[in-house]
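Structure assessment
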Amino acid sequence: MQDFIRIHENDNVMVALRDIAAGEEVDISGGKITALEPIPTGHKMAIRDIPAGGAVVKYGHPIGNTKDAVMAGSWIHTHNLKTALGDLLEYEYTPVFDTEASDSEAGGMPMQRDGERGLGNAAEGREAAPTFRGFLRPDGRVGVRNEIWIIPTVGCVNNVATAIAAQANRWLADFRSAFRGTGPGAESDASPECTVEEVVAFPHPYGCSQMGEDQECARRILADLVNHPNAGGVLVLGLGCENSNIDVLKPYIMECASSMEGGHSGGYDGERVKFLVAQECVDEVEQGLEIVKSLIRHAATFRREPVSPDRLIVGLKCGGSDGLSGITANPLVGRFSDKLVAAGGTTILTEVPEMFGAETILMNRCANEELFRRTVALINDFKNYFKSHNQTIYENPSPGNKKGGISTLEEKSLGCTQKSGSAPVRGVLQYGETVWKRGVSTGLNLLSAPGNDLVASTALAAAGAHIVLFTTGRGTPFACPVPTVKISTNSALAARKSGWIDFNAGVLAEDGSMDEESERLFRYVLEVASGRKVRSEEAGYHDMAILKQGVTL
């Protein structure tokens, strides 16, 4: 096992892979450096003298400037390192790809319906890959879960939604027994298997007392989730008097359904999406339960079948990052992203504030100049969002980040963006926009959303992600509306929080091989897409959060 890592040949710091004691000598580049003070795991040590105001370089890029002169062997952290980020910047497009060639490379195909993209076979000309078993929906999209979702239009009916879900799950257990012919009162429409997995309610505090774009964002996210293919059936539950009541929300749901590749011009499927207004019925729980029973019967007709990975959409997210995030888990997810894109699939990277300081890397990977301009707008719009609230743009690393060894936003961003791998950027999505929309390409997409774990992960699900890969160095139990795979940056976390962590990337700081671990992660994700439950699903966790941008009335 290595004691430290120097990530790039131009770096003037190394990262400790174990606690290094003061006075301990380490060998680097054929010479010896003595640690002048303790260097905690995941933290940085200078490997050469750096003058006051000099650039500290990690990942081959500056991550800030020293506050005072720093001697080789010194611990580099927030006490002697400051950000060099400013406000709005001017950017120049310097593509790292041949843009004409990249427009025709693998991973840049428009979203297509069944028959054009593979069921059971990788798309022609792309790297062959194993299949997963998914649910083919009538509109040509694929789901990796067959759940029934209850989506409130407003927070006032949250408890009603959870009550309906609780009763419906008890009924679902009996219904499954009836399918197998082992339970009381086996039903005549029973078949060998009930594929409906769970009834899930998604409480939230939005839908009323909102204005302007804040209200529009909430409506778009709710409409996106109603149309998500992981749900075999959806009950939209309203109160009746809210701003975003069912009559107001229906056009958003219809527009989302109509705009998607393969979508119906008439909007949503009435067999799959049902509505209930609580103020208009005597017993909303009883009536809601009956509607959910009908949705379960409808969704139970779907079966898993072999599907090519080119139909898979995976969101990329990190949270509770530490000094190893950019060394183990994030590069591993980046390698996964490249594999999925090579197979014709789609990945989505978000957390725009955690691109600050590394944004030019993504900009220069844009497949064309129009995408470059949209990425510039993505970055500057978020910076203006901070400025409009009189907030400092670069005050991002959290206490947990800093404890784990991350000192500046540049450092955090350079680690964060490694989840995108090396593929060209094929699309740039606004908050609430989906990859199903006509004209959006497969491959790597960027999505406008903040760094907040619940808000960003919900945004990824709403954008179309079937699964979210979530890397973490500190650990977190949360989930989002779709399966949320927790990938630990270090083995100690994986051992300590085995009930949270699904995949340990910490072996890459030990003796693990990136090639072997990336292949293992790829196959694990296909298992999850085929129905294997992740830890948060086993615990029954399902979270949802929407970006709050405006006043509350």
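Reading the values: rules and limits
Residues numbered from 1 in each chain as written. Predicted model: local features only at pLDDT ≥ 70, side-chain atom pairs only at ≥ 80, totals over all residues. Heavy atoms only, no water. Helix = DSSP H or I, 4+ residues; strand = E, 2+ residues; numbered from the N terminus. Buried < 20%, exposed > 50% of the residue type's maximum accessible area, 1.4 Å probe, protein only. Contact = heavy atoms within 4.5 Å. Areas by Shrake-Rupley, 256 points an atom, 1.4 Å probe, with all protein chains shown as cover. pLDDT = per-residue confidence, 0-100. Phe/Tyr/Trp six-rings, centres within 6.5 Å; stacked < 30°, edge-to-face > 60°.

Helix and strand counts for the protein come out as 14 helices and 23 strands. Per-residue burial over the protein gives 58% buried out of 553 residues. Of all intrachain contacts in the protein linking residues separated by at least 6 positions in sequence, the fraction that spans at least 24 positions is 72%. Accessible area of the protein: about 20800 Å², with a carbon and sulfur share of 48%.

Here the protein averages 90 in pLDDT, and 90% of its residues register 70 or above. Segment residues 104-117: pLDDT under 50, and 42 contacts once partners within four positions in sequence are set aside and those in other chains are kept.

Counted according to the given criterion, the structure contains eleven aromatic pairs. Considering the side-chain rings of Trp149 and Phe202, the 5.2 Å spacing of their centres and the 80° angle between planes classify their relative orientation as edge-to-face. Residue Trp149 is located in strand S12 (residues 147-152), and its partner Phe202 is located in the loop between strand S13 (199-201) and helix H3 (212-226); the two are separated by 53 residues in the primary sequence. Of the two residues, Trp149 and Phe202, both sit in the buried class. Where Phe503 meets Tyr524, the ring centres are 6.1 Å apart and the plane angle is 50°; that geometry is what we call tilted. Here Phe503, found in strand S23 (residues 503-504), pairs with Tyr524, found in helix H13 (residues 514-529); they are 21 residues apart in sequence, far enough to count as distant. Accessibility assignment for this pair places Phe503 and Tyr524 in one class, buried.

To continue, consider the environment of Val307. Tracing the backbone through its elements, the reader meets Val307 in strand S16 (residues 304-307). Take Val307: its relative accessible area is 0%, and that puts it in the buried class. Distance from Val307 to Ser530, taken between C-alpha atoms, is 9.4 Å for residues 223 residues apart in sequence.

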